[in-house]
Amino acid sequence: MSGEGQLADSENLRPENVADVTVDALGELSKALETIHRVRGHLYSAHQLVGGADLTLDRVVKLLRQAGHDEIADRVERELLGRNLLPGRWTFQIMEEFDDGYYAAFQEIERDAREKLAGGRRHIYEAEMKERRRTHGMPGHEATPEE
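Residues numbered from 1 in each chain as written. Predicted model: local features only at pLDDT ≥ 70, side-chain atom pairs only at ≥ 80, totals over all residues. Heavy atoms only, no water.

**Remarks on the packing of aromatic side chains**
Okay, so step 1: If you walk through the whole model with that rule in mind, you get four aromatic pairs.
Okay, so step 2: Consider the rings of W90 and F92, whose centres lie 6.5 Å apart with planes at 80°: the pair is edge-to-face.
Okay, so step 3: Taking relative accessible area as the criterion, F92 reaches 37% and is therefore assigned partly exposed.
Okay, so step 4: Counting every residue linked through ring pairs, the aromatic cluster contains F98, Y102, Y103 and F106. (Phe/Tyr/Trp six-rings, centres within 6.5 Å; stacked < 30°, edge-to-face > 60°. Buried < 20%, exposed > 50% of the residue type's maximum accessible area, 1.4 Å probe, protein only.)

**Some thoughts on unusual backbone geometry**
Okay, so step 1: For N17, which is not glycine, the phi dihedral falls at a positive 65°.
Okay, so step 2: On the secondary structure map, N17 appears in the segment before α1 (20-66).
Okay, so step 3: Judged by relative accessible area, which is 81%, N17 ranks as exposed.
Okay, so step 4: One non-glycine residue, H123, lies in positive phi territory at about 55°.
Okay, so step 5: Relative to the helices and strands, H123 is located in the loop between α3 (91-118) and α4 (124-133).
Okay, so step 6: We classify H123 as partly exposed; its relative accessible area is 36%. (Helix = DSSP H or I, 4+ residues; strand = E, 2+ residues; numbered from the N terminus.)

**Here we look at the pattern of salt bridges**
Pairs may arise between side chains of opposite charge once their charged atoms sit close together.
Okay, so step 1: By the definition in use, this model includes 12 salt bridges.
Okay, so step 2: Close ionic contact of E128 with R14 constitutes a salt bridge, the shortest N to O distance being 2.7 Å. Of this pair, E128 sits in helix α4 while R14 sits in the segment before α1, and the two are 114 residues apart along the sequence.
Okay, so step 3: Taken together, the shared-partner salt bridges in this structure form one network comprising R65, D70, D74 and E77. (Salt bridge = Lys/Arg side-chain N within 4 Å of Asp/Glu carboxyl O.)

**A short note on the environment of R89**
Okay, so step 1: Relative to the elements of secondary structure, R89 occurs in the loop between α2 (70-80) and α3.
Okay, so step 2: A polar atom in the side chain of R89 sits 2.6 Å from the side chain of E97. (Polar contact = N/O pair within 3.5 Å; in protein donor to acceptor, adjacent residues only side chain to side chain.)

**Observations regarding the environment of W90**
Okay, so step 1: The topology assignment puts W90 in the loop between α2 and α3.
Okay, so step 2: A relative accessible area of 40% places W90 in the partly exposed class.
Okay, so step 3: As for W90 and L63, which are separated by 27 residues in sequence, their C-alpha atoms are 25 Å apart.
Okay, so step 4: Of the polar contacts made by the side chain of W90, one reaches the backbone oxygen of G82; its length is 2.9 Å.

**Considering the nonpolar core**
The tendency in soluble globular proteins is for nonpolar side chains to be buried side by side.
Okay, so step 1: Listed in full, the six residues of the largest apolar core are V18, V23, L26, A113, A118 and I124.
Okay, so step 2: Secondary structure elements with two or more residues in this core: α1 and α3.
Okay, so step 3: Contact partners of A118, with chain neighbours within four places excluded, come to P15, L26, A113 and I124. (Core = buried A, V, L, I, M, F, W, Y, C linked by side-chain atoms within 4.5 Å. Contact = heavy atoms within 4.5 Å.)

**Quick word on the packing of α1 against α3**
Okay, so step 1: Their axes nearest at 10 Å, the elements α1 and α3 cross at an angle of 165°. Our classification of the angle between α1 and α3 gives roughly antiparallel. In this structure, α1 meets α3 at a crossing whose hand is left-handed. (Axes fitted to C-alpha atoms, helices over the stretch in contact; angles between N-to-C directions. Parallel < 35°, antiparallel > 145°, perpendicular 65-115°, else oblique. Left-handed = near helix turned anticlockwise from the far one by under 90°.)

Next comes the structure, spelled out in structure tokens:
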């Protein structure tokens, strides 16, 4: 934040000798991780939606049988009920693989980069942006909740 006032929030202060380009890179890495957090939420939504649809098939089979459509009920029961979403995997298994693999690696790499390059501080880029964009002394533009 070369030449600008210091942030009141010390947890997000740029450590000495950290270049603008490093703060930019860490900001982009954080932004990418935030996107992956959203992806994780969407995957969990898909997990719950697919599970709910599968449970609904129980009622579909029952209603088809009541209507005398045993052949179609049999096909739904045999080919859809309990079917894997991907070969050998229900959605919970996909979620576990995602969480333990890609998601965990992404979080660890982002955390390691922050530790090595910025003393573990988070959101330096955003904190400096806040300081540039807020109107000092104006209500609703405080640097911290305590101000």
